[in-house]
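# A structural walkthrough
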Amino acid sequence: MSSFTSLLFSCAAIAAFLILLRRWRYRRLRLPPGSLGLPFIGETLQLISAYKSDNPEPFMDRRLNRYGLVFTTHVFGEPTVFSAEPEMNRFVLANEGKLFECSYPGSISNLLGKHSLLLMKGNLHKKMHSLTMSFANSSIIKDHLLVDVDRLIRLNLDSWSDRVLLMEEAKKARTKVAEALTLVVRERRKGSESDGNRKKDMLGALLASGEQFSDEEIVDFMLALLVAGYETTSTIMTLAVKFLTETPLALAQLKEEHDQIRSKSKTGAPLEWSDYKSMIFTQCVVNETLRMANIIGGIFRRATTDININGYTIPKGWKVFASFRAVHLNPNHFKDARSFNPWRWQNNSEATIPVNVYTPFGGGPRLCPGYELARVVLSVFLHRFITIFSWVPAEEDRLVFFPTTRTQKRYPIIVKRREESSPCI
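Nothing here was measured: the structure is a model prediction, and the numbers come from that model.

Definitions and cut-offs
Residues numbered from 1 in each chain as written. Predicted model: local features only at pLDDT ≥ 70, side-chain atom pairs only at ≥ 80, totals over all residues. Heavy atoms only, no water. Patch = residues over 30% accessible without salt bridge, like charges linked within 9 Å, V, L, I, M, F, W, Y side chains within 5 Å. Areas by Shrake-Rupley, 256 points an atom, 1.4 Å probe, with all protein chains shown as cover. Salt bridge = Lys/Arg side-chain N within 4 Å of Asp/Glu carboxyl O. Buried < 20%, exposed > 50% of the residue type's maximum accessible area, 1.4 Å probe, protein only. Phe/Tyr/Trp six-rings, centres within 6.5 Å; stacked < 30°, edge-to-face > 60°. Helix = DSSP H or I, 4+ residues; strand = E, 2+ residues; numbered from the N terminus. pLDDT = per-residue confidence, 0-100. Contact = heavy atoms within 4.5 Å.

## A few points about a nonpolar patch on the surface
Together, L38, F40, I41 and L45 make up an exposed nonpolar region whose accessible area comes to about 470 Å². By relative accessible area, which is 52% here, L38 ends up exposed.

What follows is the structure, encoded as structure tokens:
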């Protein structure tokens, strides 16, 4: 037998031994039920193809019916435990930095940059998360941001006429935005060093944080906030309008609420905090849109040690996907879960829903720092859009769910100012 043949035989024997050893170890650990699929690619192709359908959860549905709320699979090159169990999802979120660490596919990391808040870990993440939340809490929104949000939304809507692509995608490439931000960072750093004055905004806080961030780190961090804020907010606005268009009774009730708010103020007057707090049914629409849309369908985490939970073991190094969408669309938690029904949130029913069942903004140490601001922006947009325009869909459009929830054609509509004609919708 030649030396090459012997080497090949030895390698094959070692590989077979390692595979058998892995299978023995996994059986000993009692993994959640499921299938690792084909060698190397696992079930990745099934995952991607499934989410091109009209069904929001085809990949999860099939496996939940077969295996239960927690199952094993192999996607994006790694063995992964999928969870649609609220208490297990809460456990994963709460143990960030203890038993789990954040772990996302390379494509997301490359888009946001290696220094984005989403990818930070440990004390640095804790500090930067706290800093971000300090610029988007209810007090800051009430005293400073509401008037700017209202002004910018009105300014944007003033340019709308005829056909509008409601989900207009960003036009500039990441590199161009990064270049512009880099120039701003350099100018601000130079200015603060020369005169000792720092502006009291996010960039000023980063420069004064004492962390000695490089320009690249600051640009990555700021860009990630811009991408996350723009993409998620524009998508949720679009889906709110789509859901309302398809639910005329909800739209009629929402119009009545906002027309009453408008009638109490002078024409062109900015919204006040009391106006926002009076948007009772609007908050029902916001809650239901967030539940149905699931802009962030779930989160990836990696186990940093063997973890025993619910009678199963998640091996060290394995990924876990805690699915928010699967919980939000489970009829055991929400009646007629896949129907848009904002009335389900009336009469303070939100208070009776367990916090681990309704998680549109995640939870734990990585709770979305802009969750309060997102609700305000969507509410203000709906107020201005509904009181200014009537509209009809320009053509049929449908939702797609991979890689994120969005409409296939960016939801084109025909808008008319309400004072110009009778309402279309």
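## Overview of the packing of aromatic side chains
According to the stated counting rule, one finds 19 aromatic pairs in the structure shown. Here F59 and F71 contribute two aromatic rings whose centre-to-centre distance is 6.5 Å and whose plane-to-plane angle is 55°, an arrangement assigned as tilted. Taken together, the residues F59 in helix α3 (residues 58-67) and F71 in strand β1 (residues 70-75) connect sequence positions 12 residues apart. Among the residues examined, F71 registers a relative accessible area of 0% and is labelled buried. Relative to F385, the ring of W160 lies with its centre 5.9 Å away and its plane at 70°, an arrangement referred to as edge-to-face. Linking W160 in the loop between α7 (138-157) and β4 (162-165) with F385 in helix α15 (residues 371-388), this pair joins segments that are 225 residues apart in sequence.

## Overview of the confidence of the model for the protein chain
Should pLDDT be low for a region, the predicted coordinates there are not to be read in detail. Mean pLDDT over the protein chain: 82, with 78% of residues reaching 70 or higher. The secondary-structure element of the protein chain with the lowest mean pLDDT is helix α5 (residues 106-112), recorded at 60, while helix α11 (residues 248-263) shows the highest, at 96. This stretch, residues 169-174, has a pLDDT under 50; its non-local contacts, to residues over four places away or in other chains, come to 12 contacts. When the criterion is pLDDT under 50, residues 420-424 qualifies, and its contacts beyond four places in sequence or with other chains add up to nine contacts.

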